[in-house]
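Working through the structure, step by step
These are the residues of each chain, in order.
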Amino acid sequence: MRMTPLAVTMGVGLALAGCSQTTKTEARPEIEPTKTVTAEQVAAATAITRAPAPRPAARATPAQLDTTTKEQREAASKAPEASAETKLGSTVGSLGNPSEGGFWIKTPLVTARAMGRIVNPANGKSAKVELIPLTGGGSGSQVSLPALQLLGISLTDLPTLDVYKS
């Protein structure tokens, strides 16, 4: 019996249709109810964490991809009051999409967008960031290029970071 390309494709498709992947879900820490924030607080946080995407022609070096301003980097590096934060846990961070500007971390430690801070325990440096939920399994997080640079982390490293919610 001779198999046609269509028959082979359908056979492979049917064989793969029965396959499934399972993922392990870890329990997330309890999160306190969200505090009410004013429009001024949201605007102040956004001014620190958001930056425009880099120009398409500039996608060559980390310096060209980092579109944050000096003022934003200084504001993001200031440590907040310890009493105003809740530690969510630790996560392994890797470089996220370098074409997304600003200071952010996509992490499974949050279920809704919030403001927070990440700390590099190796050197004590910290950065104010936007906490963005990361779904799809796994326990690692994606960190923006400017945030990694502010923490003194090489873009190819996989550091363990402490994550705090403001």
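First, a word on what this report is: a plain description of the structure on this page. (Residues numbered from 1 in each chain as written. Predicted model: local features only at pLDDT ≥ 70, side-chain atom pairs only at ≥ 80, totals over all residues. Heavy atoms only, no water.)

1. Considerations on the sheet that holds strand S2 (residues 104-107)
An order of S1-S5-S2-S4-S3-S6 is seen for the six strands of this closed barrel, with the pairing classed as mixed. Shown here is a sheet whose adjacent strand axes are inclined to one another by a mean of 40°, direction ignored. In this structure, strand S3 (residues 114-119) lies alongside strand S6 (residues 160-165), joined through four bridges in antiparallel fashion. From the neighbouring strand, Arg117 faces S6, where its bridge partner is Tyr164. (Pairing = 2+ DSSP bridges. Helix = DSSP H or I, 4+ residues; strand = E, 2+ residues; numbered from the N terminus. Axes fitted to C-alpha atoms, helices over the stretch in contact; angles between N-to-C directions.)

2. Thoughts on the packing of aromatic side chains
Scanning all chains against the criterion turns up zero aromatic pairs. Note that Lys106 overlies the ring of Trp104, its terminal NZ or CZ placed 5.1 Å from the centroid. Across from the ring centre of Tyr164, 4.9 Å away, lies the NZ or CZ of Arg117, which sits over that ring. (Phe/Tyr/Trp six-rings, centres within 6.5 Å; stacked < 30°, edge-to-face > 60°. Lys NZ or Arg CZ within 6 Å of the ring centre and 35° of its normal.)

3. A few points about the nonpolar core
Judged by nonpolar contacts, the single largest core of 19 residues is most densely connected at Ile105, Ile118, Val129, Leu131, Val143 and Val163. Contributions of two or more residues to this core are made by S3, strand S4 (126-133), helix H5 (145-150) and S6. Residue contacts for Ile105: discarding those within four places in its chain leaves Thr91, Ile118, Val129, Glu130, Leu131, Ile132, Ser141, Gln142, Val143 and Val163. (Core = buried A, V, L, I, M, F, W, Y, C linked by side-chain atoms within 4.5 Å. Buried < 20%, exposed > 50% of the residue type's maximum accessible area, 1.4 Å probe, protein only. Contact = heavy atoms within 4.5 Å.)

4. Describing the pattern of salt bridges
With the rule as written, the count across this model stands at four salt bridges. One salt bridge connects Glu85 with Arg117, and the closest N-O pair in it is separated by 2.8 Å. Pair noted here: Glu85 is in the loop between helix H4 (70-77) and strand S1 (86-95) and Arg117 is in strand S3, with a separation of 32 residues, a long-range link. With respect to class, Glu85 is no different from Arg117; both count as buried. Close ionic contact of Asp162 with Lys87 constitutes a salt bridge, the shortest N to O distance being 3.6 Å. Linking Asp162 in strand S6 with Lys87 in strand S1, this pair joins segments that are 75 residues apart in sequence. Relative accessible area serves as the criterion here: at 12%, Asp162 is assigned to the buried category. (Salt bridge = Lys/Arg side-chain N within 4 Å of Asp/Glu carboxyl O.)

Just geometry here; none of it tells us what the structure is for.
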